Amino acid sequence: MKTSNTVWVIVLIIFIFLGSMEIMLWKQYNKNMEERTAGTATVTDAKKGSILYEENHDALTDASANDVPDNHKYIFVGDSRYVAMSEYAEAYDVFFCENGVGLYFLKNRMDKIVEASDDNTRIIIGLGVNDAGVGNAGYVDAIMDLCQKTDAEVYYMLVNPVSDSACAANGYSLTNSMVDRFNTSMIEGLNDTEVKIIDTNTYLMSNGYNTFDGLHYDDETTEKIYNFIKLCIRNQ
């Protein structure tokens, strides 16, 4: 009987400890979300007009993204976040995307991307989250190489934020500091080029976002990113 009571006490202590840890992680997650939401846009010296950022966020609805008639073809090149976004594809959308990919994917698929594009095409590159920890070496050169090979308009979407605490809890090493450094380097590298930058990062920091593991977004946030991209390009 004494041994049985001891076991139950140990189980109770473990249960209380795990509960406390869960509460701590949740509080930290909320704190990070509040800090990111209150954040400001990355300060850069990029030329005026090169960064697309829709300030009237209240106008961002499912309808507003489709207000302007548009028969352009859109090619989305990205990783798992774009795999999720492909669920919201419209009639003229084409997605080149795979889970866990980065710069090498852009290079390996470039010929097919060029083949699928023409002067009525808008190419949106959403790669970088899987390379943010090691830097952007090669990204600018690859994007400019794409520009030389196609008559399409080329856009680069900044890497979007994560939840630091949730990423750590789920085994991801990526942090928002890494994301910010990567984005700053991409803005500097693409400055004074024909490539325009879509600043979804600032939009999400200002308006909030939800992840289910720290890195990947829920359906609502994913759709919001998709609509924001279309809104920025159509209203430029």
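Residues numbered from 1 in each chain as written. Predicted model: local features only at pLDDT ≥ 70, side-chain atom pairs only at ≥ 80, totals over all residues. Heavy atoms only, no water.

1. With respect to the overall build of the protein chain
Item 1. Within the protein chain one finds eight helices and six strands.
Item 2. Ordering the α and β elements of the protein chain from the N terminus gives α-β-β-α-β-α-β-α-β-α-α-β-α-α.
Item 3. Counting across all 236 residues of the protein chain, residues that qualify as buried make up 45%.
Item 4. Considering only residue pairs separated by 6 or more positions, the protein chain has 76% of its internal contacts joining residues 24 or more positions apart.
Item 5. About 12,300 Å² of surface is accessible on the protein chain, with carbon and sulfur atoms providing 53% of the total. (Helix = DSSP H or I, 4+ residues; strand = E, 2+ residues; numbered from the N terminus. Buried < 20%, exposed > 50% of the residue type's maximum accessible area, 1.4 Å probe, protein only. Contact = heavy atoms within 4.5 Å. Areas by Shrake-Rupley, 256 points an atom, 1.4 Å probe, with all protein chains shown as cover.)

2. Digging into unusual backbone geometry
Item 1. The backbone phi angle of Asp192 is positive, close to 65°, even though this residue is not glycine.
Item 2. Of note, Asp192 is situated in the loop between α6 (176–190) and β6 (196–198).

3. A word on α6
Item 1. Over its 15 residues, α6 runs 21 Å from end to end, which matches the ideal 21 Å to within 8%, given 1.5 Å per residue.
Item 2. Residue Asp192 follows α6 closely and has a positive phi angle near 65°. (Expected span 1.5 Å × (residues − 1).)

4. Considering the pattern of salt bridges
Item 1. Counted according to the given criterion, the structure contains eight salt bridges.
Item 2. Between Asp70 and Arg122 there is a salt bridge whose closest N-O contact spans 3.3 Å. Residue Asp70 is found in the loop between β1 (51–52) and β2 (73–78), and its partner Arg122 is found in strand β4 (residues 121–126); the two are separated by 52 residues along the sequence. Each member of the pair, Asp70 as well as Arg122, is classed as buried.
Item 3. A salt bridge links Asp145 to Lys149; the shortest N-O distance between them is 3.4 Å. Here Lys149 and Asp145 lie together in helix α4 (residues 139–149), a separation of four residues that amounts to about one turn.
Item 4. Beyond isolated ion pairs, a larger network of salt bridges with shared partners links Asp70, Glu90, Asp93, Arg122, Glu153, Lys230 and Arg234. (Salt bridge = Lys/Arg side-chain N within 4 Å of Asp/Glu carboxyl O.)

5. Details of the sheet that holds β1
Item 1. Spatially, β1-β6-β5-β4-β2-β3 is the arrangement adopted by the six strands of the open sheet, whose pairing is parallel. Among the strands making up the open sheet, the edge pair consists of β1 and β3 (93–97).
Item 2. Pairing geometry for strand β5 (residues 153–157) and β6, over three bridges, is parallel. By the bridge assignment for β6, Met157 is matched with Ile198. (Pairing = 2+ DSSP bridges.)

6. As for the packing of α4 against α6
Item 1. Contact pair α4 / α6: the axes reach a minimum separation of 10 Å and the direction vectors enclose 45°. Judged on the interaxial angle alone, α6 and α4 are oblique. Between α4 and α6 the crossing geometry is right-handed. Together, Tyr139, Val140, Ile143 and Met144 of α4 and Phe182, Met186, Gly189 and Leu190 of α6 make up the contact between the two elements.
Item 2. Here the residues of the contact of α4 with α6 are counted per class, giving seven nonpolar, one polar and no charged. (Axes fitted to C-alpha atoms, helices over the stretch in contact; angles between N-to-C directions. Parallel < 35°, antiparallel > 145°, perpendicular 65-115°, else oblique. Left-handed = near helix turned anticlockwise from the far one by under 90°. Nonpolar A, V, L, I, M, F, W, Y, C, P; charged D, E, K, R; others polar.)

7. A word on the nonpolar core
Item 1. Formed by 37 residues in total, the largest nonpolar core has its most connected members in Val77, Leu106, Ile125, Ile143 and Tyr156.
Item 2. Elements represented by at least two residues in this core include exactly β2, α3 (103–115), β4, α4, β5 and α6.
Item 3. Excluding residues that lie within four positions of it along the chain, Leu106 makes contacts with Val77, Ile113, Ile125, Leu127, Ala142 and Ile143.
Item 4. The next biggest cluster of nonpolar side chains, apart from the first, holds 20 residues, and it includes Ile198, Tyr203, Tyr217 and Cys232. (Core = buried A, V, L, I, M, F, W, Y, C linked by side-chain atoms within 4.5 Å.)

8. Regarding the packing of helix α7 (residues 200–207) against helix α8 (residues 219–234)
Item 1. Running from N to C, α7 and α8 cross one another at 130°; their axes reach a closest spacing of 11 Å. In this view, α7 runs oblique relative to α8, as classed from their interaxial angle. Seen along the crossing, α7 lies across α8 with a hand that is right-handed. Facing α7, whose interface residues are Thr200, Tyr203, Leu204 and Asn207, α8 presents Thr221, Lys224, Ile225, Phe228 and Ile229.

9. Describing α8
Item 1. Between the first and last C-alpha of α8 there are 23 Å, a value that for 16 residues agrees with the 22 Å anticipated at 1.5 Å per step.
Item 2. Summarising burial for α8: 12 of the 16 residues are buried, a large majority.

10. As for the environment of Glu194
Item 1. Mapping Glu194 onto the fold places it in the loop between α6 and β6.
Item 2. If sequence neighbours within four positions are ignored, Glu194 has contacts with Met144, Cys147 and Val154.

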